[in-house]
Amino acid sequence: MNKVILFLLVSSTFFAQQKIYVKDYKAIANDGIDDTEQINKAFKNLKDGDIIVFEPGIYTLKPVANGGNYHLLIKNTNNITLLGAVDSDNNPLTHFQRTLVLEKKAKRPPLLSSKNNSNLLVKNITFDNAPHHTTAGEIIEVDKNGKFLKVKIFEGLPFNDNTPFTAANVWNPETKNLKEVPSLSFGTSPANMITDDADQRIMKIEHKDGLSFLQYVKKGELLSWHYGWKASTMVSFRDDSNLTLDNIHIYNALRSALFIAYTTNVTIKNVSIKPKGNQLAMGPRDGIHSSRIKGNYIVENLTVEGCRLDAFVARGTFADVFEVTSKKTLKIRTDRPLSKGFSYDSSLPIEFIDKNGNHISLDVKNALFVGKSKNPSAYLYEIKTSNKLPDFVKKGTEVIPRGLSVRSLILKNNRYKNIAGSSEILYVDNVTSINNTHEKIMYSAIKMGSNLSAGHTGSNFKILNSTFKDCGWISNSANVGYIYTKNNHRTYPNSKIIDVTIKNNTFTSNSFETSKAVLSFNDLNKSLIDKNTFQGFLQPLLIDEVSTQNIEINDNKNYPIGDKKEVKLSVTKDAYVTGGDFQNKNYGNHKKLQIKNSSTPNHNRISYIQFNLSSLKNKEIKNVILSIFLEEKQNKDGVIHLKSSNGNWVESSINFANKPNSSKEITTLKIKASSKKWYKIDITEFIKNNYKENPIINFSIEQDKNYSNLISAYSKESGSFKIPYLNIKL
């Protein structure tokens, strides 16, 4: 067996590095023979400091039997390097390629699973599937009756009927960029796949009840989709420490490309996660999903393209007080079970959040894992603080346990493009995102805060010297604008995002769909917005004044709409209110607006919509059309009234009891039974008479007193393209 022994002097001791050649274990590149057993055998025989060398070419990995947990497994090692070969341009020439059988909703294990390794370096390797579990083609026919479409599948890509139509997206045929519409499908398959012409590679995508997404596609556009998403991640790292990934390429994943969890100190550099050839899409979920990383986390020169969901995710841990045992000692309960042996870094503080969202930080003297709790299932840690606990701390108090999250996260010189989600999800602390490019990102490019059930609100964010282009065309309760802050957590609602600096960035929009708010702030305390450039936006800043404080805005340049002669302005706020027993309840975050008149107060519903024309105060408006999509729900004709509404109102607190008064009637609309259609309303004169004096325009939508059927409209929280908007000619 060939071995090359290198001796390095480290800390006055000799450390031997041996080069182990995997070919000596009969794993031979390009021979087409399954190398799984041979590579795993080499992994099991590794000793501290070994460098395991892979030759140029393809290492074939055959399918794993049902119930298998991995193709390749490396665990419990120290100071190991997995080293592939490169060409003259430093592109990886070593390919780990698993051969798979295409099947419905394939639940494949990771290609490579790493567990409990210390100082692991993986370098110069490509991870891939054969065939790819995704396909794409040109739309050659769209049924006028909404029942089907036909796609000519590109040569070289899978052509398989009776497979799921998951995580589907539409693409511009000229630019090969995502079209600015929603994803056509997500985790479930809304269509059936039928071979229409095998020789011409034409696939028919249909459903007997019709395809609602056909409104977003046209003949000649391109379409991509995946064959499911419930497999495991492509490459998985858990419970490791001092992990480095360098010069890794991934072309196709069945779920996320890389998953990293419960790992301390991570460096990712020169990693490329993107499709190749005419594939269009890489995978149905995240590029890199990292959860509960500790220590320092560095991501540099990362490229992610063609993800259905998010390019990069970093999530930390929320907790609450389980028991106070003394003036300086307590037990905390994490938001979910963690990995066995995941210790608390006692060099980092613990933060307590009071009911008003104030954060009180205390240094930690000692922290120990002390067991598990049930209902809900979680981990318990005993924390001893250096100083006395705040007086408000009691069982159930919200906690951010900094010692279970990253010390710092640096995202540098990264490129994100054509992401059907967000590019950076930052639900941790101490983040610097610098010199990055975000282009064609469907949701908010950068999100800080928390989602409904995972991640924690963080502090100390710096977003610097980065470029954002044509992002955020889908708005809903979790995504507004290019950079978005909000605590969406259902269990820990009081915590704030703290100290966000956004400086020296350029934001550019080239279309109405991407020209909504750039910076959308909720649940934020302290932010500096400095020396940024905004090009093509109507509303650079959208700030929730109730939940957001201490915003400093300096020396930004705004070029709102240039020489555009026509603009579209989406609704800024929307909500409905209900009377009777529900008169004090707020419905500002609902996905549908409701309009109904009833003799029973509990059933009375009035909707409110608001538009902000501040950016047009110095423009002369020629014509304004309000477009609103209405659905009649009870198979009855109806009549509604559009009225101007007095005073301002807050979307998160408006209710029937505090609703603004309606004044002037703008128009009356007759609604046909069971209809679902756009209504176009000329409101030119009303806008001309009001917008310069008060550019915040409010409307109420009320049902005529002689009718009582339910009528609904889409709110901005729905993420639909059917939300109300103004078409304005200048």
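In this text, all values refer to a predicted model and were calculated from it rather than measured experimentally. (Residues numbered from 1 in each chain as written. Predicted model: local features only at pLDDT ≥ 70, side-chain atom pairs only at ≥ 80, totals over all residues. Heavy atoms only, no water.)

Peer 1: Looking at this structure, I do not really get the overall build of the protein. What am I missing?
Peer 2: Tallying secondary structure elements over the protein gives 2 helices and 59 strands in all. For 730 residues, the compact-globule formula gives about 27 Å, and the C-alpha radius of gyration of the protein, at 28 Å, lands near that figure. In terms of overall dimensions, the protein has a C-alpha envelope of 90 × 75 × 50 Å along the principal axes. Evaluated residue by residue, the protein yields a buried proportion of 56% over its 730 residues. (Helix = DSSP H or I, 4+ residues; strand = E, 2+ residues; numbered from the N terminus. Rg over C-alpha atoms; globule rule 2.2 N^0.38 Å. Buried < 20%, exposed > 50% of the residue type's maximum accessible area, 1.4 Å probe, protein only.)

Peer 1: Could you clarify how one ought to interpret the nonpolar core in this entry?
Peer 2: Grouped together as the largest cluster of nonpolar side chains are 79 residues, with contacts concentrated most on F43, L82, F127, I273, Y297, L409 and F507. Residues within four places of I273 in sequence aside, it is in contact with I250, A257, L258, M282, G287, I288, L302, T303, V304 and E305. In terms of nonpolar packing, the next biggest core, distinct from the first, is built from 36 residues, I595, I671, Y691 and I701 among them. (Core = buried A, V, L, I, M, F, W, Y, C linked by side-chain atoms within 4.5 Å. Contact = heavy atoms within 4.5 Å.)

Peer 1: I would appreciate a short explanation of the layout of surface pockets in the present structure.
Peer 2: In this approach, a probe sized like a water molecule rolls over the atoms, and the result shows the empty space that is left. Taken as a whole, the second largest pocket spans an internal volume of roughly 440 Å³. If you trace the second largest pocket, you find 24 residues lining it, with F512, E513, W678, F721 and Y725 closest to the centre. Every element with two or more residues in the lining of the second largest pocket is listed here: β49 (566-570) and β56 (676-682). Here the lining of the second largest pocket is composed, by residue class, of 11 nonpolar, 5 polar and 8 charged. (1 Å grid on protein atoms, 1.4 Å probe; cavity = no way out; pocket = protein on both sides within 12 Å on 5 of 7 lines; lining within 4 Å. Points joined across faces, edges and corners; volume = space filled by probe spheres on them. Nonpolar A, V, L, I, M, F, W, Y, C, P; charged D, E, K, R; others polar.)

Peer 1: It is not clear to me how the sheet that holds strand β14 (residues 202-206) should be interpreted in this structure. Could you clarify?
Peer 2: To summarise the sheet geometry, strands pair through backbone hydrogen bonds and adopt either a parallel or an antiparallel arrangement. Spatially, 6 strands are ordered β12-β15-β10-β11-β14-β13 in an open sheet, and the strand pairing comes out antiparallel. For this open sheet the edge positions go to β12 (166-171) and β13 (192-197), each flanked by a neighbour on one side alone. Going across the sheet, the axis of each strand differs from the next one's by a mean of 35°, ignoring polarity. Here β12 runs beside strand β15 (residues 222-226); their pairing, made up of 4 bridges, is antiparallel. (Pairing = 2+ DSSP bridges. Axes fitted to C-alpha atoms, helices over the stretch in contact; angles between N-to-C directions.)

Peer 1: Hey, could you run me through the pattern of salt bridges in this one?
Peer 2: Close approach of charged atoms allows side chains with opposite charge to pair. Scanning all chains against the criterion turns up 25 salt bridges. A salt bridge links K208 to D209; the nearest nitrogen and oxygen atoms lie 3.3 Å apart. Just as K208 is exposed, D209 falls in that class too. Note that R402 is salt-bridged to E351, the shortest N-O span being 2.5 Å. In this pair, R402 sits in the loop between β31 (398-401) and β32 (406-412) while E351 sits in strand β27 (residues 350-353), placing the two residues 51 residues apart along the sequence. E351 matches R402 in its accessibility class, with the two residues each being buried. It is possible to trace a salt-bridge network through shared partners that takes in E141, K150 and D196. (Salt bridge = Lys/Arg side-chain N within 4 Å of Asp/Glu carboxyl O.)

Peer 1: Teacher, can you tell me more about unusual backbone geometry here?
Peer 2: Phi is mostly negative for residues that are not glycine, and the peptide bonds are mostly trans. Looking along the chain, the bond that leaves A130 and enters P131 is cis, with omega of -5°. Counting through the fold element by element, P131 comes out in the loop between β9 (118-130) and β10 (134-142). Note that the residue after N375, namely P376, is joined by a cis bond; omega there is 5°. Secondary-structure assignment places P376 in the loop between β29 (364-373) and β30 (378-385).

Peer 1: How do you make sense of helix α1 (residues 36-44) when you look at a structure like this?
Peer 2: In an α-helix, one turn spans 3.6 residues, which is why side chains three or four residues apart end up on the same side. For α1, the complete set of buried residues consists of T36, I39, N40, A42 and F43. The buried residues of α1 occupy an angular sector of 155° when the element is viewed end-on, so they sit on one face. Residues of α1 that are exposed and angled more than 90 degrees away from the buried face: E37, K41 and K44. (Arc of directions from axis to C-beta.)

Peer 1: Any chance you could explain the packing of aromatic side chains here in plain terms?
Peer 2: Geometrically, a pair of aromatic rings is defined through the distance of the ring centres and the angle of the planes. Following the criterion strictly, the structure yields 23 aromatic pairs and no others. Arranged with centres 6.1 Å apart and planes meeting at 85°, the rings of Y59 and F96 form a pair that is edge-to-face. Of this pair, Y59 sits in strand β4 (residues 57-61) while F96 sits in strand β7 (residues 94-99), and the two are 37 residues apart along the sequence. On the accessibility criterion, F96 (0% relative accessible area) is buried. An aromatic cluster is present here, built from F468, Y482, F507, F534 and F537 joined pairwise through their rings. The ring of F342 is capped by K294, whose NZ or CZ atom sits 4.8 Å from the centre of that ring. In this structure, K677 is placed above the aromatic ring of Y679, and the distance from its NZ or CZ to the ring centre is 5.0 Å. (Phe/Tyr/Trp six-rings, centres within 6.5 Å; stacked < 30°, edge-to-face > 60°. Lys NZ or Arg CZ within 6 Å of the ring centre and 35° of its normal.)

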